[in-house]
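Each chain, letter by letter, is given below.
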Amino acid sequence: MEKIKLIKNAPLEVGDQVMCVRMKDDYSPVPTGVKGVVKKVSEVFGVKQYYVDWKNGSKLALIEGEDQWRKMTTASDSEEENLSES
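Reading the values: the criteria
- Residues numbered from 1 in each chain as written.
- Predicted model: local features only at pLDDT ≥ 70, side-chain atom pairs only at ≥ 80, totals over all residues.
- Heavy atoms only, no water.
- Core = buried A, V, L, I, M, F, W, Y, C linked by side-chain atoms within 4.5 Å.
- Buried < 20%, exposed > 50% of the residue type's maximum accessible area, 1.4 Å probe, protein only.
- Contact = heavy atoms within 4.5 Å.
- Helix = DSSP H or I, 4+ residues; strand = E, 2+ residues; numbered from the N terminus.
- Polar contact = N/O pair within 3.5 Å; in protein donor to acceptor, adjacent residues only side chain to side chain.

Enquirer: How do you make sense of the nonpolar core when you look at a structure like this?
Expert: The nonpolar side chains of soluble globular proteins are, as a tendency, buried together. Judged by nonpolar contacts, Leu12, Val18, Cys20, Met23, Val30, Val34, Val38, Tyr50, Val52, Trp54, Leu62 and Trp69 together constitute the single largest core of 12 residues. Beyond its immediate chain neighbours, meaning those up to four positions away, tryptophan 54 contacts Val18, Met19, Cys20, Met23, Val30, Val34, Lys35, Gly36, Lys59, Leu60 and Leu62.

Enquirer: Help me understand the environment of tyrosine 50 in this model?
Expert: Take tyrosine 50: it is sitting in strand S4 (residues 47-54). Given a relative accessible area of 1%, tyrosine 50 falls into the buried group. Separated by 12 residues in the primary sequence, tyrosine 50 and valine 38 place their C-alpha atoms 6.4 Å from one another. Here the side chain of tyrosine 50 touches glutamate 64 through a polar contact of 3.4 Å, side chain to side chain.

Enquirer: Would you take a moment to explain unusual backbone geometry for this structure?
Expert: A negative phi angle characterises most non-glycine residues, just as the trans form characterises most peptide bonds. Of note, asparagine 9 is a non-glycine position whose phi angle comes to about 45°, a positive value. Summarising the element assignment, asparagine 9 is placed in the loop between strand S1 (2-8) and strand S2 (17-22). On the accessibility criterion, asparagine 9 (31% relative accessible area) is partly exposed. A positive phi angle is found at phenylalanine 45, which is not glycine, with a value near 50°. Here phenylalanine 45 lies in the loop between strand S3 (35-44) and S4. Taking relative accessible area as the criterion, phenylalanine 45 reaches 84% and is therefore assigned exposed.

Following this line, the structure appears as structure tokens:
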């Protein structure tokens, strides 16, 4: 049986599924728990930015070192990792 594995602030690539934990902008239209798909990755002044199409319609980017997210992957029961601590 496969389970969803959530990896805190993992590096992201185009096509990765992600869940917003917290955006530093207090007025962000992307609240905690909203899911999305990474559409583009860029680096601005040495900082990675992950452009995401969010399920709520927003197109805001996640900024490495500022925002918090969880990369969503699938994990089988046979893996020995503790899913709750990833």
